[in-house]
Amino acid sequence: MLNLPDREKVHRLGLMGGTFDPIHLGHLVTAEEVRIQYGLDHVIFVPSGQPPHKENRTVSEAEHRYLMTMVATITNPYFTVSRVEIDQPSGAPTYTIDTVRYFHEYFGKKVQLFFITGADAILEILTWKDYSELLSICTFIAATRPGYSLNKLKDTLGSACPETMENIDILEIPAVAISSTLIRRRVAEGKTIKYLTPESVTEYIFKNRLYCSINE
Ligand code: ATP
Ligand code: MG
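My aim in this report is to walk through the structure given alongside it, one point at a time. (Residues numbered from 1 in each chain as written. Chains lettered and ligands numbered in written order. Predicted model: local features only at pLDDT ≥ 70, side-chain atom pairs only at ≥ 80, totals over all residues. Heavy atoms only, no water.)

### Looking at helix H3 (residues 96-107)
- Under the 1.5 Å per step criterion, the end-to-end length of H3 is 16 Å for 12 residues, consistent within 8% with the ideal 16 Å.
- For H3, the set of buried residues is Thr96, Ile97, Thr99, Val100, Phe103, His104, Tyr106 and Phe107.
- Contacts from the buried residues of H3 go to strand S1 (12-18), strand S2 (42-47), strand S4 (112-118), helix H5 (131-137) and strand S5 (138-143).
- Looking one or two residues past H3, Gly108 carries a phi angle of roughly 95°, positive in sign. (Helix = DSSP H or I, 4+ residues; strand = E, 2+ residues; numbered from the N terminus. Expected span 1.5 Å × (residues − 1). Buried < 20%, exposed > 50% of the residue type's maximum accessible area, 1.4 Å probe, protein only. Contact = heavy atoms within 4.5 Å.)

### Quick word on the pattern of salt bridges
- Counted under the stated rule, the structure contains 10 salt bridges.
- Salt-bridge contacts for Glu133 lead to Arg101; the nearest nitrogen and oxygen are separated by 2.8 Å. Of this pair, Glu133 sits in helix H5 while Arg101 sits in helix H3, and the two are 32 residues apart along the sequence.
- Counted as one network, the salt bridges with shared partners bring together Asp98, Arg101, Lys129, Asp130 and Glu133. (Salt bridge = Lys/Arg side-chain N within 4 Å of Asp/Glu carboxyl O.)

### Quick notes on the pairing of S2
- S2 sits mainly inside the fold: 6 of its 6 residues count as buried.
- Residues His42, Ile44 and Val46 point to one face of S2 and Val43, Phe45 and Pro47 to the other, with burial holding for every one of them.
- Pairing of S1 with S2, which is carried by 6 bridges, proceeds in the parallel orientation. In the sheet register, Gly17 faces S2, and the bridge partner there is Val46. (Pairing = 2+ DSSP bridges.)

### Regarding the packing of helix H2 (residues 62-73) against helix H8 (residues 199-207)
- The contact between H2 and H8 brings their axes to 8 Å, and the two run at 150°. In terms of orientation, H2 and H8 fall into the roughly antiparallel class. Taken as a pair, H2 and H8 cross one another with a handedness that is right-handed. Of the residues in H8, those touching H2 at Glu63, His64, Leu67, Met68, Val71 and Ala72 are Ser200, Val201, Tyr204 and Ile205.
- Taken together, the residues that form the contact of H2 with H8 break down as 7 nonpolar, 2 polar and 1 charged. (Axes fitted to C-alpha atoms, helices over the stretch in contact; angles between N-to-C directions. Parallel < 35°, antiparallel > 145°, perpendicular 65-115°, else oblique. Left-handed = near helix turned anticlockwise from the far one by under 90°. Nonpolar A, V, L, I, M, F, W, Y, C, P; charged D, E, K, R; others polar.)

### So, H8
- Of all the positions in H8, only Val201, Thr202, Tyr204 and Ile205 are classed as buried. Each buried residue of H8 sits inside an arc of 160° when the element is viewed along its axis, so together they form one side. For H8, the exposed residues lying more than 90 degrees away from the buried face are Glu199, Glu203 and Lys207.
- Packing partners of the buried residues in H8 comprise H2 and helix H7 (180-188).
- Where H8 terminates, the next one or two residues include Arg209, which has phi positive at roughly 50°. (Arc of directions from axis to C-beta.)

### Observations regarding the pairing of S5
- The buried fraction of S5 is high, at 5 of 6 residues.
- Each parallel crossover has a hand, and for S5 linked through helix H6 (residues 150-160) to strand S6 (residues 168-171) it is right-handed. (Right-handed = clockwise from strand over helix to strand, strands pointing away.)

Here you go:
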């Protein structure tokens, strides 16, 4: 398959899903830290399909988000980007379980899957489709993220569904208080985004005039 790592060479595979509107250093630092700490052979970034709206804002076109993720990861030989979600017919919802099943089938059962998320995303796992199957086919790595307390995460998930915690690892990573929301807002306000995202992504944003107006 175009772009994906060689099936024979992958034993431990990381998946990182996100809107990536745009991708930033918080995503990249997290993925690299998990790759090293968990001895992953590869990490595949999976930009989400086109949701009609996310938290009352219009999400940038999938192709832009895919290309920004591509340029941001190009210098890391252990990172690739998958089109599996963005190539879904538009409007069709994409669920993490479907993506994980897809990679589970593509790479085979011998490959161990690790799904990388931030602490904010993992707090919602109990609302995800087929979350218990999801937890049975992959291990979740919840990376700390400024503003989201680890204790809250343990308390919320631990009391709601104690068995979920068996397949969720919490990993403290160097804190990076960057979000895509912050970058979009800074661009709209004409502020610099230097060092918040790779230079190639900054260039891409300006060349394509993304985030010019405030649309949170
Ligand atoms: P937005 O502000 O638009 O919600 P975001 O910065 O949260 O964007 P997403 O694409 O929503 O980025 O996140 C994809 C995944 O990356 C999620 O699991 C999220 O928790 C995680 N993530 C995002 N930013 C960070 C960060 N700074 N540190 C750790 N994890 C992060
Ligand atoms: Mg987010």
